[in-house]
2 protein chains.
Amino acid sequence: MTADLHATASTRLRADGQRYTPRRRALVDLLADSDQPLTIPQLLEHRKDLAQSSAYRNLAILERAGVVHRIVTTDEFSRYELAEDLTEHHHHLICSSCGDVTDFTVPAAVEHDLEAALSKVAKRSGFRARSHRLDLVGTCATCE
Amino acid sequence: MTADLHATASTRLRADGQRYTPRRRALVDLLADSDQPLTIPQLLEHRKDLAQSSAYRNLAILERAGVVHRIVTTDEFSRYELAEDLTEHHHHLICSSCGDVTDFTVPAAVEHDLEAALSKVAKRSGFRARSHRLDLVGTCATCE
DNA sequence: CTCAGTGCAAAGGATTTGCATGCCG
DNA sequence: CGGCATGCAAATCCTTTGCACTGAG
């Protein structure tokens, strides 16, 4: 699936008039290898040769192209993960103490009921839903 | 319930060694009167006599005391609402175009199943859950 | 040669903080 | 009176932007 991932990333960037450069590929690789959304400092930590400004710029471009997704939790840093359709649908455990985020999933049945309830709400309010977010906020095992 | 609200706010602040001043009360009033979380510019807009820095400071204090809750969505501003236990449990429609946030609720049955699934997840990961967040992200009727 | 991608350094903007003043207890 | 709350202005810090350089086509 990794090969596919890069092919998809490349296609989406091209569709947006952008190239799939080594730097951008490196960012996608880092995100794909992680089981949690990463902040830019964390990304730079893993790949010291990446320039901060370029990381910001490239992640913004990758986000516009629909390759990565930016999330804001409770601390001061944005975090990035692969776009929803490039991973499996999942949710986040957010530690309000250290800010760390971990992925998790819920049973398909629950997810399904949720979808149904949400689409009803959206229809009622004339809201065009694109996605939903379900996060659990609390304290992670380490901070506890 | 408004009287109770202020009594509760006052008690919680006192427990945190803080006073319930007119400015703080004004902020709580504004949030209680709104059917959506508000940004600080929005709060200042409603009450022009509030100083920006004091608003920031007081909201931080109110948050520490458990009276208000800060949420970060997709745009650059934080938004504030009354703490979960001072309102009814609800969720948010987040417009990714204008950043506006509207409250909504889901049927108790769905909410209940969700709680059950989440507490199972939390237990499995040694995560101490404090609350959950369920948001619908998309485009509001106005921006559509 | 051209033009996008990159790195560095400087600018931006929401939020925070230092400090002098005012007010409640 | 004492100490916290307030307002103003300056400082912070994540993020964005300007600009010159480099490399791919």
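(A) Molecular detail of the side chain of R133 of chain B. Its place among the elements puts R133 of chain B in strand β6 (residues 128-139). Sequence-distant contacts of R133 of chain B, that is, excluding residues within four places in its chain, are made with V72, T73, T74, I94, R133, L134, D135 and V137 of chain A.

(B) A look at the protein's contact with DNA strand D. Of all residues adjacent to DNA strand D, which total 18 residues, the nearest are Y56 of chain A together with R23, S53, R57 and N58 of chain B. Near-protein atoms of DNA strand D (within 4 Å) split between backbone and bases, with sugar and phosphate holding 69%. At a separation of 3.0 Å, a phosphate oxygen of DNA strand D approaches a polar side-chain atom of T21 of chain B. For the surface near DNA strand D, the secondary-structure elements that each account for two or more residues are α4 (52-64) of chain A together with α2 (22-33) and α4 (52-64) of chain B. The class makeup of the residues in the surface near DNA strand D is 3 nonpolar, 8 polar and 7 charged.

(C) Main features of the sheet that holds strand β1 (residues 38-39) of chain A. Residue and element names in this part refer to chain A. Strand order in this open sheet of 3 strands is β1-β3-β2, and the pairing throughout is antiparallel. In the strand order of this sheet, the two ends are held by β1 and β2 (68-72), each with one partner. In this sheet, strand β3 (residues 78-82) lies alongside β2 in antiparallel orientation, the contact comprising 5 bridges. Within β3, the residue paired with R70 across the bridge is Y80. Each of β1, β2 and β3 is contacted by helix α2 (residues 22-33), which is oriented at about 85° to β3, the strand it contacts most.

(D) The arrangement of the protein's contact with DNA strand C in detail. Neighbouring residues of DNA strand C: 18 residues in total, closest R23, R24, S53 and R57 of chain A together with Y56 of chain B. By atom count, sugar and phosphate contribute 71% of the portion of DNA strand C lying within 4 Å of the protein. Here N58 of chain A contributes a side-chain N or O atom positioned 3.0 Å from a phosphate oxygen of DNA strand C. Residue assignment for the surface near DNA strand C shows that the elements contributing at least two residues are α2 and α4 of chain A together with α4 of chain B.

(E) Seen up close, the relation of the copies chain B and chain A. Between chain B and chain A, the superposition needs a rotation of 179° and an axial shift of 0.1 Å, giving an RMSD of 0.1 Å. A rotation of that kind, with that shift, is consistent with a two-fold axis. Within chain B, the C-alpha atom positioned nearest to the axis of rotation is that of L134 of chain B, 2.2 Å from it. When the interface residues of chain B are mapped onto chain A, 100% of them are again interface residues, pointing to one common binding face.

(F) Spatial organisation of the domain arrangement of chain A. Residues and elements named next belong to chain A. Structurally, chain A comprises domain 1 (1-87) and domain 2 (89-144). Between the C-alpha centres of domain 1 and domain 2 the distance comes to 21 Å. The interface is formed by 12 residues belonging to domain 1 together with 12 residues belonging to domain 2. Here domain 1 and domain 2 share an interface that buries about 1,000 Å² over both sides, 45% of which is from carbon and sulfur atoms. Considering only the side of domain 1, the residues that lose the most area to domain 2 are Q36, T74 and E84, jointly responsible for 37% of the buried surface there.

(G) Quick peek at the interface of chain B and chain A. Listed as interface residues are 37 residues of chain B and, on the opposing side, 37 residues of chain A. Between chain B and chain A the total buried area reaches about 3,300 Å² when both faces are included, carbon and sulfur atoms providing 61% of it. The three residues of chain B that bury the most area against chain A are F127, R133 and L136 of chain B, which together make up 22% of that side's buried surface. A salt bridge links R133 of chain A to D135 of chain B; the nearest nitrogen and oxygen atoms lie 2.9 Å apart.

(H) Focus on the environment of K48 of chain A. Residue and element names in this part refer to chain A. Mapped onto the elements of the fold, K48 is located in the loop between α3 (40-46) and α4. Residue classification places K48 among the exposed residues on the basis of a relative accessible area of 67%. Polar contacts involving the side chain of K48 include one to the side chain of E45, which spans 3.3 Å.

Definitions and limits used
- The residue numbering used here restarts from 1 in each chain and proceeds along that chain's sequence as written.
- Each chain gets a letter, beginning with A, and each ligand a number, beginning with 1, in the order they are written.
- Only residues with pLDDT of 70 or above have their local features reported here, since the model is predicted, and side-chain atom pairs are shown and tallied only from 80 upward, although totals for entire chains, interfaces and linings are computed over all residues.
- Heavy atoms throughout the structure, all of them, feed into the side-chain values; hydrogens and water do not.
- Think of it this way: any DSSP run of H or I at least four residues long counts as a helix, any run of E at least two long counts as a strand, and we number them from the N terminus.
- In what follows, residue pairs with any heavy atoms lying within 4.5 Å of each other are defined as contacts.
- To be near a molecule or strand, a residue needs just one of its heavy atoms within 4 Å of it.
- As used in this structure description, the phrase polar contact means that two N or O atoms lie within 3.5 Å; if the pair is within protein, one of them must be able to donate a hydrogen and the other to accept it, and residues adjacent in sequence are counted only when both atoms belong to side chains.
- Under the scheme applied, nonpolar residues are Ala, Val, Leu, Ile, Met, Phe, Trp, Tyr, Cys and Pro; charged residues are Asp, Glu, Lys and Arg; polar residues are all the others, including Gly.
- Here, strands pair whenever DSSP counts at least two bridges between them.
- Axis lines are fitted through C-alpha atoms, for helices just across the contact stretch, and the angle between N-to-C directions can take any value from 0 to 180 degrees.
- Least-squares superposition of the copies uses the C-alpha atoms of those residues scoring a pLDDT of at least 70 in each of them.
- The domain boundaries here were taken from an automatic or database domain assignment.
- As used here, buried area is the combined drop in accessible area, with a 1.4 Å probe, of two parts when they are placed together.
- Within this document, salt bridges are pairs made up of a side-chain nitrogen of Lys or Arg and a carboxyl oxygen of Asp or Glu, the two lying within 4 Å of each other.
- Buried means the residue's accessible area, taken with a 1.4 Å probe over protein chains only, is under 20% of the maximum for its type, while exposed means over 50%, and partly exposed covers the values in between.

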